[in-house]
Amino acid sequence: MRIAVFGAGYVGLVTGACFAELGHDVAVRDVVAEKIDALRRGEVPIHEEGLEDLLERNRERLRFTTGVDEAIEGAEVVYVAVGTPPTYSGDADLSAVWTVVDELPRVDRRIVFAMKSTVPVGTGRTVRHRLDERGFENVGYVSNPEFTAEGTAVRDFLHPDRIVIGAFDGADADVVERLHAGIDAPVIRCDVASAEMIKLAANAALVTRISFINEIANVCEATGADVLTVAKGIGLDRRIGSSFLRAGIGFGGSCFPKDSLALKQLAANSGYNFQLLNAVIEVNELQKRRVIGKRERRLGTLRGKKVALLGLAFKPGTDDMREAPSLVLAGRLLAVGAHVSAWDPVADGGVLLDGVEIAATALEAVDGADAAVLVTEWPELRDLDWAEAGARMRKKLIVDGRNMLDPVELRALGFEYEGIGRAVE
Ligand SMILES: NC(=O)c1ccc[n+]([C@@H]2O[C@H](COP(=O)([O-])OP(=O)(O)OC[C@H]3O[C@@H](n4cnc5c(N)ncnc54)[C@H](O)[C@@H]3O)[C@@H](O)[C@H]2O)c1
């Protein structure tokens, strides 16, 4: 089949590359000309494992363009994968989605407009009205939300847990289901509103688990229990399961914070106070700040002290800095007068972290530091020469914000080690 994908970001590029891998002809359209030029030259503007290979392997079936007409030409399905960031009010900003709806040209065949961007429940119905107003009865609408995680997006797309297809018309759902032929996964076919809610509810469930285990970690700290042991002990219960039970300094990224806020606001706009989700968001905000409080208790005032942030991306495997906990940590540390150095193997923190010294290596970042905070669990940090790191630091103090390092090993090297929810010695 021939398809068009609007948006060459984290989701659009993976969607385009994976559909090409499945044998479809794909045109990817973006409004940023430099991005399209780079893609045409064979350069990949984001860090996502396996994406470069996939784009290279399927070159003949992939086109990149800034032109709407060129993208739509001959397409049976038009995917929307543009950003839906939060507005000041916390609602999703759908302006890029509306732009795509409004710039869709009239075609004289049936096409399916498929929504991959994460949107509030009810968006599909509103888009349907807009299409009808424009006299586009030949354009079907399908909600086909995306569940891939950055860092494993290619694998997630080709081996998903499920494919969700919400449609107003069964024939449109058939088209989108056929597009996924070759992927072995259960298909949930449903109404559009339910498909939209599945996406928001799935992310809400995941962030709830994260905030839950973070609160358990905080209680562990207060009572002398060890959260890693506790998580293992509860995760083996088949009714609970072990995923998303890793305590840390809170969730970030381009999806979890914005989607939980959007669902909270969606509920509020509908007259419902989603108390549980409110608490989940609040716990996450506090979790990021707790690390600073801990440092202050150990070091006294942080004014003039040097703190190294190790890892800046919101998680390993991506260069995405959107809503990364490192941004809050850096902001708080600078606000209390600390000197902040930082290192990340791929994320370009220099753009976002004004006032932070960006180091070329992790060892350079910890040079002369009074404390280091492991923010992102990059494997490079597990494998770091910690003896050398300790020798370079002014004070051997490490906060392991992801519980990735071995406390016994670090303490043997003379470090004062502190994890999240772990017994402090
Ligand atoms: N990032 C993820 O892992 C992920 C996972 C699941 C769902 N989502 C959702 O998918 C959507 C896209 O997320 P993303 O991370 O890929 O965003 P992104 O910001 O990386 O990419 C969006 C792209 O859309 C382009 N764009 C804007 N207006 C356009 C238009 N009119 N025509 C064509 N392109 C246009 C932008 O230039 C940008 O390149 C969001 O709604 C997000 O919530 C993201």
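Above: the structure in question.
Each residue is numbered by its place in its chain's sequence as written, counting from 1. In keeping with the predicted nature of the model, local features appear solely for residues at pLDDT of at least 70, side-chain atom pairs appear and are counted solely at 80 or more, and the whole-chain, interface and lining totals rest on all residues. Note that the side-chain values use all heavy atoms of the structure and ignore hydrogens as well as water.

1. Section: the site of the ligand
Under the convention used in this document: Here, proximity means that at least one heavy atom of the residue falls within 4 Å of the molecule or strand. Two N or O atoms count as a polar contact when they lie within 3.5 Å, although within protein this holds only if one can serve as hydrogen donor and the other as acceptor, and sequence-adjacent residues are included solely when both atoms are side-chain atoms. Note that accessible areas follow from Shrake-Rupley with a 1.4 Å probe, and for residues the cover is restricted to the protein chains shown. A run of H or I in DSSP counts as a helix once it spans at least four residues, and a run of E counts as a strand once it spans at least two, with each numbered from the N terminus. Ten residue types, Ala, Val, Leu, Ile, Met, Phe, Trp, Tyr, Cys and Pro, are classed as nonpolar, four, Asp, Glu, Lys and Arg, as charged, and the remainder, Gly among them, as polar.
Taken together, 29 residues are adjacent to the ligand, and D30, K35, T84, E150 and K258 come closest. Within the backbone of Y10, an N or O atom sits 3.0 Å from an oxygen atom of the ligand. Here an oxygen atom of the ligand sits 2.6 Å away from a polar atom, N or O, in the side chain of K35. Look at the ligand: alone it shows 830 Å² of surface, and the protein chains cover 89% of it. Residue assignment for the shell around the ligand shows that the elements contributing at least two residues are α1 (10-21) and α5 (95-103). Among the elements that make up the shell around the ligand, the one with the highest residue count is α5 (four residues). Partitioning the shell around the ligand into residue classes produces 11 nonpolar, nine polar and nine charged.

2. Points about α5
Where we set the bar: Three exposure classes are used, based on accessible area relative to the maximum for each residue type with a 1.4 Å probe and protein chains only: buried under 20%, partly exposed in between, and exposed over 50%. Here the arc refers to the directions that run from the helix axis out to each C-beta atom. Note on contacts: a residue pair qualifies if any of its non-hydrogen atoms lie within 4.5 Å across the two residues.
Buried within α5 we find V97, W98, V100 and V101. In an axial view of α5, the angular spread of the buried residues amounts to 160 degrees, which keeps them on one side of the axis. Those residues of α5 that are buried lie in contact with β1 (2-6), β4 (77-80), β5 (111-115) and α6 (123-133).

3. Quick notes on the sheet that holds strand β13 (residues 397-400)
Heads up, the rule is: Strands qualify as paired when DSSP identifies two bridges or more between them. Inter-axis angles, ranging from 0 to 180 degrees, are taken between N-to-C directions of lines fitted to C-alpha atoms, where helices are fitted over the stretch in contact.
Pairing within the open sheet is parallel, and its six strands lie in the order β11-β10-β9-β12-β13-β14. Because the sheet does not close on itself, it has two edges, and the strands there are β11 (357-358) and β14 (416-418). Both strand β9 (residues 306-310) and strand β10 (residues 339-343) contribute to a ladder of five bridges, which runs parallel. Its bridge partner lying in β10, A308 is registered against S341. In the packing of helix α13 (residues 325-335) onto the sheet, the strands contacted are β9, β10 and β12 (371-374), and the crossing angle to β9 comes to about 175 degrees.

4. Remarks on the packing of aromatic side chains
Formally: Planes of paired rings set the category: under 30 degrees apart is stacked, over 60 is edge-to-face and the rest tilted, where pairs are Phe, Tyr or Trp rings (Trp by its six-membered ring) whose centres lie within 6.5 Å.
For the coordinates displayed, the defined rule picks out eight aromatic pairs. When the centroid spacing of 6.3 Å and the interplanar angle of 40 degrees are considered together, the rings of F113 and Y141 count as tilted. Linking F113 in strand β5 with Y141 in strand β6 (residues 139-143), this pair joins segments that are 28 residues apart in sequence. For the pair shown, F113 and Y141 are each scored as buried. Each ring, one from F244 and one from F256, has its centre 6.2 Å from the other, and the planes form 65 degrees; the classification is edge-to-face. One end of the pair, F244, is in the loop between α10 (227-235) and α11 (256-269); the other, F256, is in helix α11, and 12 residues separate them in sequence. The exposure class assigned to F244 is partly exposed, which follows from its relative accessible area of 34%.

5. Quick word on the nonpolar core
What counts, and what does not: Among buried residues, those of type Ala, Val, Leu, Ile, Met, Phe, Trp, Tyr and Cys that are joined through side-chain atoms within 4.5 Å constitute a nonpolar core.
Among the nonpolar cores identified, the biggest contains 56 residues, and L309 and W386 are the most heavily contacted of them. Not counting residues up to four positions away in its chain, the partners in contact with W386 are L310, L381, I398, L405, L410, L413 and F415. Within the second largest apolar cluster, 39 residues are counted, among which are L51, L55, F64 and V112.

6. With respect to the pairing of β10
Of all the five residues making up β10, four are buried; the element is thus mostly covered by neighbouring parts of the structure. Relative to β11, β10 runs parallel, the two sharing two bridges. Within β11, the residue paired with A342 across the bridge is I358.

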